[in-house]
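Breakdown of the fold
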Amino acid sequence: MEPKYIPTANAKRKVRIIGLPADNTAQPSQTANKKRKTGGIIEANFTHDEQQRRLQRLQRFQADSPPSTPTAKSTASSSPMASSSSSSSFSRIPNANQSEQRSNLSESQPVVGYSTQITKEYLRLTSAVDPATVRPPDVLKKSLKWVVRQYNQKADYGTVVCSQLKSIRQDLMVQHIRSKFTVKVYETHARIALEKGDIGEFNQCQSQLKILYAMGQPGHEGEFLAYRLLYFLFSQHRSDVIATLHVIKTSQFQSDPGLEHAMAVRAALDAGNYHQFFQLYREAPNMNGYLLDKFVDRERVRAMCILCKAYMTMSLATIVQELEFDDIGACKRFLKSHQVTKKLFKNNTLQTKLALPILTNALQRYKRVDIRGQL
């Protein structure tokens, strides 16, 4: 029987509070290598054997470097070596992106793997892919079942589950496999990453899923469209939020419950309606709540700034009910983590006027989120 990934979305979620070559300065000799100027271009007269040796070295260099478009300076060169090989030009030193492009083979060079190993540790590609280490789709399906089984048995996420899922994704990538199974792999990894709070890995998966869905591959597109919108609300990328809203309005998933919930969250945030936001937080469907967990503290601080302006004092019990804390203890820990001292909520009553400047200053820490989801 095929094991299935079992998310714990319905369980009570605990919110954590917590260049150019160097100039040759040596004097030129007066013999065969004497330099001469012709039309402002410096040339060197080499013997036939020297030209052949230089050409061989050039060819070896190009074999190890990605092809590059000749610059104007290189095309202007008229040395005998360049003229003897007009189609060859020196490649620039490859940067990090070029190295990644070289390791991730081009579209015309897919790898056909034949490894039968179920498990494989994830390693970044630093050289040409060996087909003997790449698993074909049939083996990868067995690998995914094994990983899901390990996760359901509480295996370590970082060293086992995440590493194995990334190696499956890598084998699919180097073989250029974009199928329903590929979508299943990315969806599974994205859900597990959400459950484990790995927002960076989730973002990588949802970015690839966006491409796969656009190619027409079937999957849970409505569900992940909701996750994408909530992720951009968390990262506060307004341009991406607007672009995602445009996609939603032109899609066929507007009646999806998870997507309707994400749209309602966006509307509540835009209106500054913290009461509606925390109601939606309590009733989050699918795995929307795990993404809301990532920025619920930000909205709690923002809501408390509003409450502090409206009330002279406020009981912690009211704050717990209004802002969806688990209990008064969780509310106290939240206040302490934002530099609200214990004397400001003595007898379980918050002195709002004294707490307001502290909370206003604490809100600044939530202004920017990086690509890995860190504040």
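Scroll up to find the structure.
Parameters at a glance
- One numbering rule holds for all chains: residues counted from 1, following each sequence as written.
- It should be noted that, the model being predicted, local features are given only for residues of pLDDT at least 70 and side-chain atom pairs only at 80 or more, the latter also being counted only at that level, while totals for whole chains, interfaces and linings use all residues.
- As a convention, hydrogens and water are excluded, and side-chain values are obtained from all of the structure's heavy atoms.
- Secondary structure is summarised from DSSP: a helix means a run of H or I of at least four residues, a strand means a run of E of at least two, and numbering begins at the N terminus for each.
- Here's how the labels work: a residue is buried when its accessible area is under 20% of the maximum for its type, exposed when over 50%, partly exposed in between, all with a 1.4 Å probe on protein chains only.
- Accessible areas in this description were obtained via Shrake-Rupley with a 1.4 Å probe; residue shielding takes into account the shown protein chains only.
- Axis definition: a line fitted to C-alpha atoms, over the contacting stretch in the case of helices. Angles run 0 to 180 degrees between N-to-C directions.
- Angle categories are assigned with fixed cut-offs, so that under 35 degrees is roughly parallel, over 145 is roughly antiparallel, 65 to 115 is roughly perpendicular, and the rest are oblique.
- In a left-handed crossing the near helix is turned counterclockwise from the far helix by less than a right angle, and in a right-handed crossing that turn is clockwise.
- Contact definition: two residues touch when any of their heavy atoms are within 4.5 Å.
- Three residue categories are used. Nonpolar comprises Ala, Val, Leu, Ile, Met, Phe, Trp, Tyr, Cys and Pro, charged comprises Asp, Glu, Lys and Arg, and polar comprises the others, including Gly.
- It is the directions from the helix axis to the C-beta atoms that the arc portrays.
- In protein, a polar contact means a hydrogen-donor-capable atom and an acceptor-capable atom, both N or O and within 3.5 Å, with residues adjacent in sequence counting only if both atoms are side-chain atoms; elsewhere, any N or O pair within 3.5 Å suffices.
- What makes a nonpolar core is a set of buried Ala, Val, Leu, Ile, Met, Phe, Trp, Tyr and Cys residues whose side-chain atoms join them at distances within 4.5 Å.
- The term salt bridge refers to a pairing of a side-chain nitrogen on Lys or Arg with a carboxyl oxygen on Asp or Glu at a separation within 4 Å.
- The rule for a disulfide is simple: a pair of cysteine sulfur atoms within 2.5 Å.

**Describing the overall build of the protein chain**
- Secondary structure assignment for the protein chain yields 16 helices and four strands.
- Counting every position in the protein chain, which comprises 375 residues, the buried fraction comes to 41%.
- In the structure as shown, the protein chain presents an accessible area of about 22,100 Å², 51% of it carried by carbon and sulfur atoms.

**Quick look at the packing of helix H5 (residues 137-152) against helix H7 (residues 180-195)**
- One can describe the packing of H5 onto H7 by two numbers: an axis separation of 11 Å at closest approach and a directional angle of 15 degrees. One finds that H5 runs roughly parallel with respect to H7. Remark: the crossing between H5 and H7 carries left-handed chirality. Along the contact surface, H5 presents Leu140, Lys141, Leu144, Val148 and Tyr151, while H7 presents Phe181, Lys184, Val185, Thr188, Ile192 and Glu195.
- Here the residues of the contact of H5 with H7 sort into seven nonpolar, one polar and three charged.

**What to know about helix H15 (residues 328-337)**
- Turning to H15, its buried residues number three or more, namely Ala330, Cys331, Phe334 and Leu335. Each buried residue of H15 sits inside an arc of 135 degrees when the element is viewed along its axis, so together they form one side.
- On its buried side, H15 packs onto helix H13 (288-310), helix H14 (316-322) and strand E4 (349-351).
- Between the side-chain oxygen at the start of H15 and the backbone nitrogen of Gly329 there is a gap of 3.1 Å, and the oxygen is on Asp327.
- Residue Gln339 follows H15 closely and has a positive phi angle near 65 degrees.

**Brief notes about the nonpolar core**
- Counting residues in each nonpolar core, the largest one holds 82 residues, and the members touching the most others are Phe202, Ile319, Leu335 and Leu350.
- Looking at which element gives the most residues to this core, the answer is H13, with 11 residues.
- For Ile319, the residues in contact, after removing those within four places along its chain, are Met304, Met314, Glu324, Phe325, Cys331 and Leu350.

**A short note on helix H16 (residues 352-362)**
- Buried residues of H16: Thr352, Ala355, Leu356, Leu359 and Ala362, and no others. Down the axis of H16, the buried side of the element spans an arc of 130 degrees, and every buried residue falls inside it. The exposed set on the far side of H16, more than 90 degrees from its buried face, consists of Leu354 and Asn361.
- Buried residues belonging to H16 abut H13, strand E3 (313-315) and E4.

**Section: the pattern of salt bridges**
- By the definition in use, this model includes 10 salt bridges.
- Across the pair Lys166 and Glu201 runs a salt bridge whose closest N-O atoms are separated by 3.7 Å. With a gap of 35 residues between them, Lys166 in helix H6 (residues 157-174) and Glu201 in helix H8 (residues 199-214) connect regions that are remote in the sequence.
- Given a relative accessible area of 18%, Lys166 falls into the buried group.
- Of the residues examined, Glu201 reaches a relative accessible area of 5% and is grouped as buried.
- Linking Arg300 and Asp297 is a salt bridge whose minimum nitrogen-to-oxygen distance equals 3.5 Å. Here the residue Arg300 and the residue Asp297 both occupy positions in helix H13, the gap between them amounting to three residues, near one helical turn. Comparing Arg300 with Asp297, the two get one shared label, buried.
- Put simply, Lys120, Arg135 and Asp171 are held in one network by salt bridges that share partners.

**Section: the side chain of Lys120**
- Of note, Lys120 is situated in the loop between helix H4 (96-103) and H5.
- Engagement of the side chain of Lys120 in a polar contact is seen with the backbone oxygen of Thr133, the distance being 3.0 Å.
- Looking at Lys120, its side chain comes within polar contact range of the side chain of Asp171, at 2.6 Å.

**Quick word on unusual backbone geometry**
- Positive phi outside glycine occurs at Gln339, with the angle close to 65 degrees.
- As for its placement among the helices and strands, Gln339 is situated in the loop between H15 and E4.

**Digging into the state of the cysteines**
- Taken as a whole and judged by the stated rule, the model has zero disulfides.
- The cysteine Cys205 is free of any disulfide, with Cys162 supplying the nearest cysteine sulfur at 8.2 Å.
- Given the relative accessible area of 0%, Cys205 is considered buried.

**What to know about the environment of Gln170**
- Tracing the backbone through its elements, the reader meets Gln170 in helix H6.
- Separated by 35 residues in sequence, Gln170 and Arg135 place their C-alpha atoms 9.9 Å apart.
- Beyond its immediate stretch of four places on either side in the chain, Gln170 contacts Lys120, Tyr122, Leu123, Arg124 and Leu125.
- Among the polar contacts made by the side chain of Gln170, one reaches the main-chain carbonyl oxygen of Leu123 at a distance of 2.9 Å.

No statement about biological role is implied by the geometric values presented.
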